[in-house]
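Observations on the three-dimensional arrangement
Each chain is listed here by its residues.
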Amino acid sequence: MSHPLRSYVLPVVAAVALMVAAYYAGTTRTGSAPAAEATPAPAAKTPNVLKFEAGAPQLAALRIAAAEEAPLPVAEPLNGRIAYNEDATARISSPVAGRITSLKAVPGDRVAKGALLATIDAPDLAAAVADLRKAESDELRKKLAMERAQKLFDAEVVPRKDLETAAADQAAARAETGRARLRLHNLAPEPGAGSGLALRSPISGVVADRKANPSMEVQPGMAEPLFVVTDLTRLWVLVDLPERYLSKVSTGLDVTVAVDAYPGETFRARVARVGQVMDPVSRRVQVRCDLPNPEGVLKPEMFARVSLLTRDGRQALRVPGSALVTEGLFSYVFVESATGTFTRRKVDLSVQDREYAYLGGGITRGERVVVSGALLLQSELAAAQ
């Protein structure tokens, strides 16, 4: 019969032996790991340069364009509003009370100076015509009386006093005829239309707005004009200029105008007037610019972004804002140096707006810049290096 102590000692010794063997086996495997890590890593690529093989999927996500020059703005774009050129705009209302009998123009019509816009039945016009006829008749009667008095005075039949009285009556009648004729001329009636008032355009242009409707009752002093006729080839851009830019703006300064309707396109304008009074609440001065619009693509009441250009007309290289990538305090662009090869290059940023960045250095005119997909290349470069 075996001893009880041996039945306990043998399992313990066997367990210890197994633990020692496992320890030495683990130490051997751990010691071999540094040999695997010591394998040389691949050689690093050229700094700031990416090369892709022809047909690489990354190339399909890129859009490349040549860097171009553009007028250099002096500050970020300012908010502006396109408006009618009031020097080429007429707001036409009725000078007398009446009722519209016919309309001859609708918004969008081009009209010449003197073109008929509407006719109005105006009782006051009939009264003005009657006043003129009455005044002309009275003047004729006073003229004949004057001629008779002159003959009688020459024949020494009547005293000089009667001749002077007849002359005064004729002068008064002539003055009344002139007043009645001027009144009728201001009303500008349609010839032979009786009481019909002819509403005509005083300038050539486009009917931009019409508040007149058939059979509408009209009168002087209405809140809104019946017709607005304007020359849409000449517009204004109104800019609320912040106080800090006041020293950079003067009459004759060129500006560029951009609108959302035509992305990527700019229009040239020129400062015509700089306000003399500052708004005490907004701390801004209104600046008015003359904006040629020969194609008629710009419309009044459009919102615009106005960039003030340098006085000397300096040019700068311009790239879309999507071409820029930022790392720390610096800005970079990717330049295509060869087919499938792109170099990240640091650039000096002069002015940046919502669409474009104007560069003071770093690239030259005509170099091909990645304008879409620059962030993809930045990620690829970080992974490669």
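Read on for a plain summary of the structure. (Residues numbered from 1 in each chain as written. Predicted model: local features only at pLDDT ≥ 70, side-chain atom pairs only at ≥ 80, totals over all residues. Heavy atoms only, no water.)

Here strand β16 (residues 284-292) shows one buried face, formed by Val285, Val287, Cys289 and Leu291, and one open face, formed by Arg284, Gln286, Arg288, Asp290 and Pro292. Relative to β16, strand β13 (residues 234-242) runs antiparallel, the two being bridged by nine bridges. Across the sheet, Leu241 pairs through a bridge with Val285, a residue of β16. The sheet contact formed by strand β15 (residues 267-274) and β16 spans four bridges and is antiparallel. Among the inter-strand pairings, Arg273 is bridged to a residue of β16, identified as Arg288. (Buried < 20%, exposed > 50% of the residue type's maximum accessible area, 1.4 Å probe, protein only. Helix = DSSP H or I, 4+ residues; strand = E, 2+ residues; numbered from the N terminus. Pairing = 2+ DSSP bridges.)

Here we come to the side chain of Ser331. Among the structural elements, Ser331 can be located in strand β20 (residues 330-338). With a relative accessible area of 13%, Ser331 lands in the buried category. In this structure Ser331 touches Leu324, Val325, Thr326, Arg345, Lys346, Val347 and Leu349, once residues within four positions along its chain are discounted. (Contact = heavy atoms within 4.5 Å.)

Read once around its circumference, the closed barrel built from six strands follows the order β4-β13-β16-β15-β14-β17, with strand pairing classed as antiparallel. Across the sheet, the axes of successive neighbouring strands diverge by a mean angle of 40°, strand direction being ignored. (Axes fitted to C-alpha atoms, helices over the stretch in contact; angles between N-to-C directions.)

Our focus in this paragraph is the nonpolar core. If you look at the biggest cluster of nonpolar residues, it comprises 26 residues, and the most contacted ones within it are Ile82 and Leu291. If you list the elements that add at least two residues to this core, you get β4 (78-84), β13, β14 (254-258), β15, β16 and β17 (303-308). Leave out the neighbours within four places in its chain, and Leu291 touches Ile82, Thr233, Arg234, Leu235, Val237, Val257, Phe267, Arg268, Ala269 and Leu298. Grouped together as the second largest cluster of nonpolar side chains are 25 residues, Val96, Ile120, Ala122 and Ala135 included. (Core = buried A, V, L, I, M, F, W, Y, C linked by side-chain atoms within 4.5 Å.)

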